[in-house]
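# Topology and contacts: notes
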Amino acid sequence: MKSITVRNVAIGEGKPKICVPIVAATAKEALMAAENFAGLPIDIVEWRADWYEDVLQAGQAVELAGCLREAFKETPILFTFRTEKEGGQKTISVEDYAALNLAVAQSGFVDMVDLELFTGGDMAPQIVEGAHKAHVKVMASSHDFFKTPPKEELMGRFHKMRQLGADILKIAVMPKSKADVLALLALTLEMSEGSDRPIVTMSMSSMGLASRLVGETFGSAITFGAVGKRSAPGQIRVEELAAVLDVVHKG
């Protein structure tokens, strides 16, 4: 798997990089959360902007992104508006979704934006192009909180993400059985071997916890941990996550 480097963090090389979300309703809460991140083993910060009460006002979102940039200095920031249909907090029109992602990307305050494969619609290529012109990476994503789709369907989603020109390809699914977890790990291994860009996968909930821990073995380049509020089922505390990743790496 070929890696990409974002602010000196090599994604797709060595241990999976630990990404921790900020989930906060107000700017004050977001900046307080940022203070709590100090000294923790965090490689990437994900601002889950769909939690932010003023996110639909692009100017407010850009202003808070600037504050977070100042707070996190050289730590990469991933901007994510997770839509309600994919497990997020808010609904948004395709036009507003595109405008928001482009405004934040072009601000220069974030390093990556999350682009939902099934939300960007016809404007997805415009989001990718605009982000890249601003020297911002794009993580294309797809989330299924109800099931683990068949292998062929998931491979098709990866293929569409590649066609869009996304820099990182992410799929998160819900297991209904232990076999679903194994199936996702097998797919991760298959897709990551020889991949020209990083792959990120996770099987959610407590049943899928193992998928968050063995990315280095099977080829998932980023794993998500928690400091305080969790943004998805199955996330564990960042300190515990880092300890397990160290054990797997040394092994």
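To be clear, the structure that these remarks concern was listed above.
First, a word on what this report is: a plain description of the structure on this page. (Residues numbered from 1 in each chain as written. Predicted model: local features only at pLDDT ≥ 70, side-chain atom pairs only at ≥ 80, totals over all residues. Heavy atoms only, no water.)

## Focus on the sheet that holds strand 6 (residues 112-116)
Strand pairing in a sheet is mediated by backbone hydrogen bonds. Such pairs are either parallel or antiparallel. In space, the eight strands of this open sheet follow the order 9-8-7-6-5-4-3-10, with parallel pairing throughout. Every interior strand has two partners, whereas the edge strands, strand 9 (199-203) and strand 10 (222-224), have only one. Strand-to-strand twist in this sheet, taken as the mean axis angle between neighbours without regard to direction, amounts to 25 degrees. Relative to strand 10, strand 3 (residues 17-22) runs parallel, the two being bridged by three bridges. In the strand pairing of strand 10, C19 is matched with F224. Against the sheet, helix 5 (residues 151-164) engages strand 6, strand 7 (137-144), strand 8 (168-173) and strand 9, with an angle of about 150 degrees to strand 8. Along the sheet face, helix 6 (residues 178-192) touches strand 8 and strand 9 and points at about 175 degrees away from the line of strand 9. (Pairing = 2+ DSSP bridges. Helix = DSSP H or I, 4+ residues; strand = E, 2+ residues; numbered from the N terminus. Axes fitted to C-alpha atoms, helices over the stretch in contact; angles between N-to-C directions. Contact = heavy atoms within 4.5 Å.)

## Focus: the packing of helix 5 against helix 6
Viewed as axis vectors pointing N to C, helix 5 and helix 6 meet at an angle of 40 degrees, and their least axial separation amounts to 11 Å. Here helix 5 lies oblique to helix 6, going by the angle between them. As for the relative orientation of helix 5 and helix 6, their crossing is right-handed in sense. Residue-level contacts link K151, L154, M155, F158 and R162 of helix 5 to L184, L187, E190 and M191 of helix 6. For the contact of helix 5 with helix 6, a count of residues per class yields six nonpolar, no polar and three charged. (Parallel < 35°, antiparallel > 145°, perpendicular 65-115°, else oblique. Left-handed = near helix turned anticlockwise from the far one by under 90°. Nonpolar A, V, L, I, M, F, W, Y, C, P; charged D, E, K, R; others polar.)

## Things to note about the pairing of strand 3
The buried count for strand 3 comes to six of six residues, which makes it a mostly enclosed element. With four bridges connecting them, strand 3 and strand 4 (residues 44-48) associate as parallel partners. By the bridge assignment for strand 4, V20 is matched with V45. This β-α-β element, strand 3 to helix 1 (residues 27-36) to strand 4, shows right-handed connectivity. (Buried < 20%, exposed > 50% of the residue type's maximum accessible area, 1.4 Å probe, protein only. Right-handed = clockwise from strand over helix to strand, strands pointing away.)

## As for helix 6
The terminal C-alpha atoms of helix 6 lie 21 Å apart, and with 15 residues this matches the ideal 21 Å at 1.5 Å per residue to within 8%. Those residues of helix 6 not exposed but buried are D180, V181, L184, L185, L187, T188, M191 and S192. Angularly, the buried residues of helix 6 cover 160 degrees about the axis, an arc narrow enough to put them on a single face. Structural note: helix 6 exposes K178, A179 and L182 on the side pointing more than 90 degrees away from its buried face. Residues of helix 6 that are buried make contact with helix 5, strand 8, strand 9, helix 7 (209-213) and helix 8 (215-218). Trailing helix 6 by a residue or two, G194 shows a phi angle of about 80 degrees, which is positive. (Expected span 1.5 Å × (residues − 1). Arc of directions from axis to C-beta.)

## Points about the pattern of salt bridges
Applying the stated criterion across every chain, the model contains 15 salt bridges. Between R48 and D50 there is a salt bridge, with its nearest N and O atoms 2.8 Å apart. Two residues, D114 and R82, come together in a salt bridge whose shortest N-O distance is 3.0 Å. Taken together, the residues span a long stretch of sequence, with D114 in strand 6 and R82 in the loop between strand 5 (77-80) and helix 3 (94-107) at a distance of 32 residues. The same class applies to D114 and to R82, which are both buried. Counted as one network, the salt bridges with shared partners bring together R7, R69, E74 and D111. (Salt bridge = Lys/Arg side-chain N within 4 Å of Asp/Glu carboxyl O.)

Function cannot be inferred from these measures alone, as they are strictly geometric.
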